[in-house]
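An overview of the molecular structure
Residue-level listing of the chains:
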Amino acid sequence: MQRLSVFCWSLLFVAACDGRSSEAAERRPNVLVILSDDQGMGDFSCLGNPVLRTPHLDRLHGESVRLTDFHVAPMCTPTRGQLLTGLDALHNGATSVCAGRSFIRRGLPTMPEIFAAAGYRTGIFGKWHLGDSYPNLPHQRGFHEAVYHLGWGITSMADVWLNDCFDGRFARNGKLQRYPGYCTDVFFDQAMRFMQTRADAGEPFFVYLPTNAPHGPHWVADGYQAPYRGRGPAAFFGMLANLDENMGRLDEFLRRSKLYDDTIVVYFHDNGGTAGVKTFNAGLRAGKTTYYDGGHRAACFVRWPEGGLGMPRDVGDLTQVQDLLPTLVDFCGLTPPQGATFDGASLAPLLRGAQVPELRRTLDERILVVQYGQEPKKWDCCVLRRSWRLVHGKELYDTAVDRAQTRDVAAQHPEVVARLREHYERWWAGVEPRLYDFSPVSIGAPQENPGTLTAADWANVYCDNMQNLRAGLNRNSQWHLLVEQAGEYEIELRRWPRDADAPIAAGVPKFVAVAGEMPAGKALPIARARLKIGDRFDEARTVDADDRGITFTTTLPAGRTTMQSWFYDATGEDLCGAYFAYVRRK
């Protein structure tokens with residue numbers, strides 16, 4: 001579907017809401033978007049899971065309009081970027097969980113920026129995963145209050161060394177703090193505190209509550225795991241049980257604080273199923289990272305008691321996460337920046353049950369593309385129209401009669417294949433020119449000096465967690481950088497992060513957390529370090545046994561450049577890149 005201007009969709013919204021009172025139209029609701037991490041469509045008891053119990057999510061499901069053919073990306077960062085921009089991942093730049101592709105392109109308006117410009121107070125509590133340094137941090141992209149972990153979460157490459165799900169250290173507007181308690185409990189507590197403060201001040205709020213649960217590591221108190229031992233992935237289900245318990249606390253808070261009726265609550269998950277797939281997958285094929293429905297079809301519940309949504313019900317139209325931003329813009333009467341466009345469509349009339357012929361025609365005829373990746377390739381995608389799914393440009397499934405996608409009917413419907421391929425060709429032509437236009441990481445900016453670079457941002461390379469680091473995997477690539485200010489720079493290369501305080505060549509002991517552990521880190525025979533910056537600097541230095549880091553000094557002009565590092569053994573064999581680089585403009 002072609003990108004449509006906010007103005008066009010606002011006209012549809014106005015037509016659908018013509019009968020509402022002016023007072024209701026002027027009143028701006030609060031907004032709460034809850035996004036779980038690695039939950040699948042089958043991980044709800046209300047959707048048929050025979051083992052897992054989710055009574056509070058079931059109640060939300062029963063009180064909501066449910067989008068039953070709703071699609072996200074097959075992996076978490078692309079879904080988050082699509083949510084916050086209303087643009088396809090290959091349009092907004094955040095196409096992968098790492099590989100230098102986890103940033104929303106600069107200049108694109110984000111959901112919190114749009115809400116903040118309209119007088120809302122904005123807060124995020126949980127998983128960000130759209131950049132770990134200036135200018136990509138949540139409080140630099142529109143959030144007034146941000147409590148978040150780095151990277152994809154606890155034990156990710158960018159996260160705090162030896163962080164735990166219990167009594168963890170999270171950043172608050174860029175500054176690390178320790179938060180007593182279990183991570184999911186902490187994020188819900190912080191969100192409720194923020195909402196109460198805003199309510200007491202009479203300020204509307206937009207709260208984004210993206211939990212790291214039930215993403216691994218599956219560390220949760222034994223009491224939540226015990227009911228599921230021998231019946232499925234106990235720790236994974238235990239994290240969901242804790243999440244469901246927090247949903248109950250949240251609902252009680254909203255009612256007690258008199259926020260329930262005029263708060264829009266949206267709940268969905270960020271990709272297809274993971275650890276729970278073998279137990280129950282809601283009849284879908286495959287799971288996370290795949291282009292079958294099990295990889296990107298998600299549950300989505302929308303509740304707004306005073307919003308005129310009518311009776312709770314299922315809505316079966318083809319919808320996507322990119323629709324949520326234009327929908328909330330219309331629900332709340334917001335005005336995005338001039339010229340802003342969305343790949344998604346406002347579903348406000350649809351959710352209200354209004355009959356808007358133009359929207360009906362658009363939804364019936366819309367064609368969507370699901371694509372992501374650390375190095376996106378043509379036809380590595382799913383193209384969707386109504387119940388049709390064209391997978392990898394050649395397999396065709398009709399999910400209306402074959403939900404599990406077991407029968408490829410491409411040969412029986414060549415006209416459908418041709419139409420979907422034609423749409424994708426046009427779509428691909430629009431995104432291909434910028435596929436290697438990396439959003440750079442800034443260094444030398446006064447807002448963040450010194451700065452930290454991690455292997456998670458190496459271009460086109462997957463190296464984003466502490467398991468990769470501890471195993472000493474031989475991976476390497478460039479960092480794409482923007483030197484914000486010309487000057488003399490010190491660049492320290494390390495294998496282990498500074499807070500590990502370990503020699504470059506040494507191993508590290510295993511980490512025993514409250515409810516789990518990580519293996520010991522492998523020693524590597526590193527004897528030499530090399531640093532190359534663009535075409536202007538290339539030096540190597542000896543690494544002694546006790547060296548924690550090797551520091552290089554050079555003068556850099558302002559502007560775009562690339563940087564790469566190498567660690568070698570005594571014979572000159574390439575072992576890996578420096579997983580961490582600390583950069584300071586002197």
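Residues numbered from 1 in each chain as written. Predicted model: local features only at pLDDT ≥ 70, side-chain atom pairs only at ≥ 80, totals over all residues. Heavy atoms only, no water.

Observations regarding empty space enclosed by the protein
Over the atoms rolls a probe the size of a water molecule, and its path tells where empty space is left. According to the stated counting rule, one finds nine cavities of 30 Å³ or more in the structure shown. Here the largest cavity defines a volume of roughly 100 Å³. What lines the largest cavity is Leu90, Gly93, Thr95, Gly100, Arg101, Phe103, Arg105, Arg434, Leu435, Asp437, Phe438 and Ser439. Among the residues making up the lining of the largest cavity, the classes are represented as four nonpolar, four polar and four charged. (1 Å grid on protein atoms, 1.4 Å probe; cavity = no way out; pocket = protein on both sides within 12 Å on 5 of 7 lines; lining within 4 Å. Points joined across faces, edges and corners; volume = space filled by probe spheres on them. Nonpolar A, V, L, I, M, F, W, Y, C, P; charged D, E, K, R; others polar.)

With respect to the sheet that holds strand S9 (residues 263-269)
Strand order in the open sheet formed by 10 strands is S7-S6-S5-S4-S8-S2-S9-S10-S3-S11, with mixed pairing between adjacent strands. The open sheet is flanked by strand S7 (175-178) and strand S11 (313-320), the only strands paired with a single partner. This sheet shows a mean twist of 20° between the axes of neighbouring strands, independent of strand direction. Bridge analysis of strand S3 (residues 65-71) against S11 gives six bridges, and the strand direction is parallel. Bridged to valine 65 within S11 is arginine 313. (Pairing = 2+ DSSP bridges. Helix = DSSP H or I, 4+ residues; strand = E, 2+ residues; numbered from the N terminus. Axes fitted to C-alpha atoms, helices over the stretch in contact; angles between N-to-C directions.)

Quick word on the side chain of asparagine 281
As for its position among the elements, asparagine 281 is in the loop between S9 and helix H10 (293-296). Polar contacts involving the side chain of asparagine 281 include one to the main-chain carbonyl oxygen of leucine 284, which spans 2.9 Å. Within the structure, the side chain of asparagine 281 is placed 2.8 Å from the backbone oxygen of alanine 286, a separation counted as a polar contact. Contact partners of asparagine 281, with chain neighbours within four places excluded, come to Gly42 and Ala286. (Polar contact = N/O pair within 3.5 Å; in protein donor to acceptor, adjacent residues only side chain to side chain. Contact = heavy atoms within 4.5 Å.)

Side note on the layout of surface pockets
Of the pockets and cavities examined, the largest pocket occupies roughly 720 Å³. Looking at the largest pocket, it is lined by 30 residues, and the ones nearest its centre are Asp132, Leu150, Ala158, Leu176 and Thr452. Of all elements in the fold, only strand S6 (169-172), S7, strand S18 (451-454) and strand S28 (580-585) reach the threshold of two or more residues within the lining of the largest pocket. If you tally residues by element for the lining of the largest pocket, the top one is S18, at three residues.

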